[in-house]
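Residues per chain, in single letters:
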Amino acid sequence: MRSLNTSKAKTRLSNSNLLFMIAGIIFVLMYGFALISFPGSFMQFQTFFDLFNFNAALFIVTLGLCVVMIGGGIDISVGAVCGLVTMACAMLLESGMGNVWSALFLALGIGLAFGLMHGYLIAYLEIQPFIITLAGMFLAQGLLTTLHKEPLNVTMPAFVALRNFIIEIPWLGTVNRLGVFIPCEIKPGVIVVVVLVVLYAILMKWSRFGRNVYAVGGNRQSARMLGINVKQTIFFSYVICGLTAGISGFIFLMTTGAGNIGNGALFEMKAIASNVMGGILLNGGVGNLLGAPIGTLTLLTINELIRAAGVQSNLQAIVSGLLLYLFIVLQSVVMSLRGRSKFRLAFPSWLKARQ
Amino acid sequence: MQSEIILKMEGIDKSFPGVRALHNVDFTLRKGEIHALMGENGAGKSTLIKILTGVYQKDAGQIFIEGRPVYFKSPQEAQNMGIGTVFQEIALCPNLTVAENIFIGRGRDNFIKWKQMNAKAAEMLNSLGIPASPTQELASCSIAVQQMIAIARAVDMDCKILILDEPTSSLDEDEVQKLFALMRQLKARGVGIIFITHFIDEVYAISDRITVLRNGELIGEYHTSALPQIELISKMMGKALSDVSAIKKHELPKSDDSVPVFEARALSSAAGVRPFNFKIQKGEVNGFAGLLGSGRSESVRAIFAADKVTGGEVKINGRRVKIKTPLQAMKQGIGYLPEDRKGDGIIDELSVRDNLILALQVMKGFFRPLSRKQAEEFTDQFIQKLDIKTPSPNTPIKSLSGGNQQKVILARWLLTQPMYLILDEPTRGIDVGTKVEIQKLVLKLAADGMSITFISSEIDEMLRVCARLIVMKDREIVGELSGMNLTEQDVMHMIAQGGK
């Protein structure tokens, strides 16, 4: 009798796609709400592009973390690494000893170093990712404050030119009151975001590594039995995450132009929240990588809404926190309804006692 | 049956610290045969399989595949030599598609060609008659289909030797038949299948030969058709035939007017069991009989208040009491050994001793801990009394065999000295020898004055142990049977006629 049912279930949406669809719908609803409530600002394309322009670094951090989360892990050091990279690169550029390229390599190097260290400790020594990356977070924060306490503006001409570089979209824009057409502007960081999204989406959907990450996130024991090198897969997921955090630091610096101890603060939490809102299951194994930017957009739209409403900025954090609760519970409900099992909150493995 | 030999294991020895798991064991598998590997828990079946699949390294002996000596250092190497294994716990990823589960972890290609992979998978599923679509998420398939997909994966890896380790334990009758059809198909293709199961009927339904192990030694290899069931059982247990049937149940206590140890009137629970009356005398062994889903477990769970009790009253020794939680039931002297050993019973990581004293500790409350000396004393006593095979009381319970785990849980309840003990499927998934031991123990406990409710899905087992059967159908009690000479027929008739 049960086999009859399975033939019906063939068309059933996979969990990843279901959560992704929900994430997409929520974003559309949220943005639609914003359009209705504050048409003045949200009706302009530039407002949408500015979400990317000013938050490119957050988008990038979220992407890297998404890979780790699909693999069933977590990395809370990403924000601190991002901040550390901005300061280190700013100092290098200001010291006059390096050019823009060497700063980029420094950024990648720092990210890679953290990624390698976390990957090794978590994958091969099998230590809890939460604890390891917590240590990494403290380390990166400590290094950041040790390097330089004051904000450090980068004045190097080549970098300032890069920072101020703007790409205009001639066919898209708004006409202001004087009747002058103002084209939309995007910054180079947005290009990086788009390239990385495409790259990572391909990686997760079509590469052997990407599918192995899904397998490991879905069931680590089974993945091993299926002949997947679980440790290597976990290792590389953290390396990618670290490296991505390094890139995000550089992009952050490109956006703000200054090293600051507050840079990248709370990015790890925002990135986790974005991924959850983007339909990445905290338990791992389920989620579409494209959910990461969608989730980030949802989070940013909510924050913009609150800002536009002119309420205290503290409220942004409060609302973000509450929404995170809501989305995690929503995920659990959706997943348990699908599994037809009893309702149970889905805690990620790194919060559970070791099996 | 003189077909060519594809696998020969000779003189296999394996010891673990303190235990000799295998001694001089031979095993031969021929092309296109289904070979049942039988033995009680701890006989060495799993150890032999783990050596064959490269999980363990043998201490001595040789393995030949198609006449060539082989030596596996890892499961990967065994797989490459054409040994496919499908475990009881399905080792697939539920979040991936069916096609991915068949192919992942095998190719060396760095990129996945989805179309090609799905087409190949569709073809394979078709040829094996597996009702699944390649693009479907594995989690949406039934357990039986998942099992078949695991087999398909093994088969596609050009396996010459397929090991099925208790594949049927979570399947229903229909699904088992489908699995058997698949096995016969593979057999026709010339795959040698090693089949491990606890269900003796299945062995006779499908296997060509049987190899029996006992206590790590080879007892012999037999043609299935030439080995009567009862002989197989006695070979597995190493006991004379008379011993198996030597169990004699007790008669019901003569006087029915004595005050019952436990009595329930119109008891009902949130799990949906109809209000029922029930009583049990001192020293009586009774049981709830019925098909799966008839409400057997729900009834006893209502007695123990494991499900929310919604109505009715309960008397213990004639005195009305309130039982709303399992702890209250325990304090009234009721013990309950749940059906789901893994989920409700054992705590994997804790030692045998800690698992054993758990219930007693809970009853005493957390502020009066058992002294270590006491705990050790109790543990040693019960390990000896129930013949629990464990290297030491400190061993984590998860490394014990299923039957021994069950004994630990049984001991846990005995330690609280209940006057009324409920055993829900205490013998499921454990070997024949331990089953008989548990049955004997139940009767001995009853003789000592304990009242016991015994539930089993094997009716003949209940007939052997219970003096009174309460027959259930569709969550309702439809009748009672008692007497010394009940047969399966009697029970089935009552179920068939019962209710309407």
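Residues numbered from 1 in each chain as written. Chains lettered and ligands numbered in written order. Predicted model: local features only at pLDDT ≥ 70, side-chain atom pairs only at ≥ 80, totals over all residues.

Q: Hey, could you run me through the overall build of chain B in this one?
A: Check the secondary structure of chain B and you find 18 helices and 20 strands. What you see for chain B is a C-alpha radius of gyration of 25 Å, in line with the 23 Å of a compact globule of 500 residues. The principal-axis extent of the C-alpha atoms belonging to chain B is close to 70 × 50 × 50 Å. Here chain B holds 500 residues, and the buried ones make up 46% of them. (Helix = DSSP H or I, 4+ residues; strand = E, 2+ residues; numbered from the N terminus. Rg over C-alpha atoms; globule rule 2.2 N^0.38 Å. Buried ≥ 20, exposed ≤ 12 C-beta atoms within 10 Å, placed from the backbone.)

Q: Where do I start with the packing of helix α5 (residues 143-156) of chain B against helix α6 (residues 173-188) of chain B in this structure?
A: Think of two packed helices as two axes; the pair is described by the angle between the axes and how far apart they sit. Residues and elements named next belong to chain B. Their axes nearest at 10 Å, the elements α5 and α6 cross at an angle of 15°. Between α5 and α6, the crossing angle belongs to the class labelled roughly parallel. At the point where α5 passes α6, the crossing takes the right-handed sense. Contacts between α5 and α6 involve Ala144, Gln147, Met148, Ile151 and Val155 from the first element and Glu175, Lys178, Leu179, Leu182 and Leu186 from the second. Counted by class, the contact of α5 with α6 contains seven nonpolar, one polar and two charged residues. (Axes fitted to C-alpha atoms, helices over the stretch in contact; angles between N-to-C directions. Parallel < 35°, antiparallel > 145°, perpendicular 65-115°, else oblique. Left-handed = near helix turned anticlockwise from the far one by under 90°. Contact = placed C-beta atoms within 7 Å. Nonpolar A, V, L, I, M, F, W, Y, C, P; charged D, E, K, R; others polar.)

Q: Whenever I open this one, the sheet that holds strand β11 (residues 262-269) of chain B confuses me. Can you help?
A: All names here are of chain B. Strand order in the open sheet formed by four strands is β12-β11-β14-β15, with antiparallel pairing between adjacent strands. At either margin of the open sheet sits one strand with a lone partner, and together these are β12 (276-280) and β15 (319-321). Pairwise comparison of adjacent strand axes, ignoring direction, gives a mean angle of 20° for this sheet. Relative to β12, β11 is paired through four bridges, and the arrangement is antiparallel. Residue pairing in the sheet places leucine 267 in a bridge with phenylalanine 276 of β12. Docked against the sheet, helix α10 (residues 296-303) engages β11, β12 and β14 (309-316), running at close to 115° with respect to β11. (Pairing = 2+ DSSP bridges.)

Q: Explanation requested: the domain arrangement of chain B in the structure shown.
A: Frequently, the measure chosen for interface size is the accessible area removed from exposure when the parts meet. Splitting chain B by domain gives domain 1 (5-239) and domain 2 (278-312 + 322-497). Using C-alpha coordinates to define each centre, domain 1 of chain B is positioned 33 Å away from domain 2 of chain B. (Domains from an automatic or database assignment.)

Q: How should I be thinking about the packing of helix α13 (residues 352-364) of chain B against helix α15 (residues 402-415) of chain B in this particular structure?
A: Residues and elements named next belong to chain B. Between α13 and α15, the shortest axis-to-axis distance is 7 Å and the interhelical angle comes to 35°. As for how α13 packs across α15, the hand of that crossing is right-handed. Contacts between α13 and α15 pair Val352, Asn355, Leu356, Ile357, Leu358, Ala359 and Leu360 from the former with Val408, Ala411, Arg412, Trp413 and Leu415 from the latter. In terms of residue class, the contact of α13 with α15 is made up of ten nonpolar, one polar and one charged.

Q: Even after reading the chapter, I still don't get the interface of chain A and chain B, so can you show me in this structure?
A: In this assembly, 27 residues from chain A lie in contact with 26 residues from chain B. Elements represented by at least two residues in the side of chain A that touches chain B include exactly α1 (2-8), α10 (208-218) and α11 (220-225) of chain A. Of the residues belonging to the side of chain A that touches chain B, the class tally is ten nonpolar, twelve polar and five charged.

Q: Honestly, the sheet that holds strand β19 (residues 468-473) of chain B in this entry has me stumped. Any pointers?
A: Neighbouring strands of a sheet are bound in pairs by backbone hydrogen bonds; such pairs are parallel or else antiparallel. Residues and elements named next belong to chain B. If you trace the six strands from one edge of the open sheet to the other, you get β16-β17-β18-β13-β19-β20, paired in mixed fashion. Only two strands of the sheet have a single neighbouring strand rather than two, namely β16 (334-337) and β20 (476-482). The sheet shows a mean angle of 20° between the axes of neighbouring strands, taken without regard to direction. As judged from the two bridges shared by strand β13 (residues 285-289) and strand β18 (residues 451-455), these two strands associate in the parallel manner. Bridged to asparagine 286 within β18 is threonine 453.

Q: Any chance you could explain the confidence of the model for chain A here in plain terms?
A: Low pLDDT marks regions whose predicted coordinates should not be analysed in detail. Residues and elements named next belong to chain A. Counting all residues, the mean pLDDT for chain A is 86, and 92% of those residues have values of 70 or more. The low-confidence segment residues 1-10 (pLDDT under 50) makes 15 contacts with residues lying over four places distant or belonging to another chain. Across residues 341-345 the pLDDT falls below 50, and counting only partners more than four positions away or on other chains, this stretch makes four contacts in the model. (pLDDT = per-residue confidence, 0-100.)

Q: Please clarify how unusual backbone geometry should be interpreted in this entry.
A: Peptide bonds are trans in most cases, and residues, glycine excluded, mostly fall at negative phi. Residues and elements named next belong to chain B. At alanine 266, a position not held by glycine, the phi torsion is positive, near 50°. Summarising the element assignment, alanine 266 is placed in strand β11. A residue is classified by how many C-beta atoms lie within 10 Å of it, and alanine 266, with 11 of them, is exposed. The phi dihedral of alanine 305 is positive, around 60°, even though this residue is not glycine. Within the secondary structure, alanine 305 is located in the loop between α10 and β14. Exposure remark for alanine 305: the 23 C-beta atoms within 10 Å place this residue in the buried category.

Q: Could you clarify how one ought to interpret the environment of B:Met419 in this entry?
A: Residue and element names in this part refer to chain B. Looking at the element boundaries, methionine 419 is found in the loop between α15 and β17 (420-424). Residue methionine 419 is classed as partly exposed on the basis of its 17 C-beta neighbours within 10 Å. Placed 37 residues apart in sequence, methionine 419 and phenylalanine 382 show a C-alpha to C-alpha distance of 18 Å. Leaving out residues up to four positions away in the same chain, methionine 419 has contacts with Val261, Gly333, Met450 and Ser451.

Q: Would you explain helix α9 (residues 188-206) of chain A in this entry?
A: Because the α-helix completes a turn every 3.6 residues, residues three or four places apart line up on one side. All names here are of chain A. Here α9 contains 19 residues, and its C-alpha end-to-end distance of 27 Å stays within 8% of the 27 Å for a straight helix at 1.5 Å per residue. Buried within α9 are the following residues: Gly189, Val190, Val193, Leu196, Tyr200 and Met204. An end-on view of α9 places all buried positions within 120° of arc, on one side of the element. Residues of α9 that are exposed and point more than 90 degrees away from the buried face comprise Val195, Val198 and Leu199. In the core, the buried residues of α9 are packed alongside α4 (45-70), β3 (181-186), α10 and α12 (230-256). (Expected span 1.5 Å × (residues − 1). Arc of directions from axis to C-beta.)

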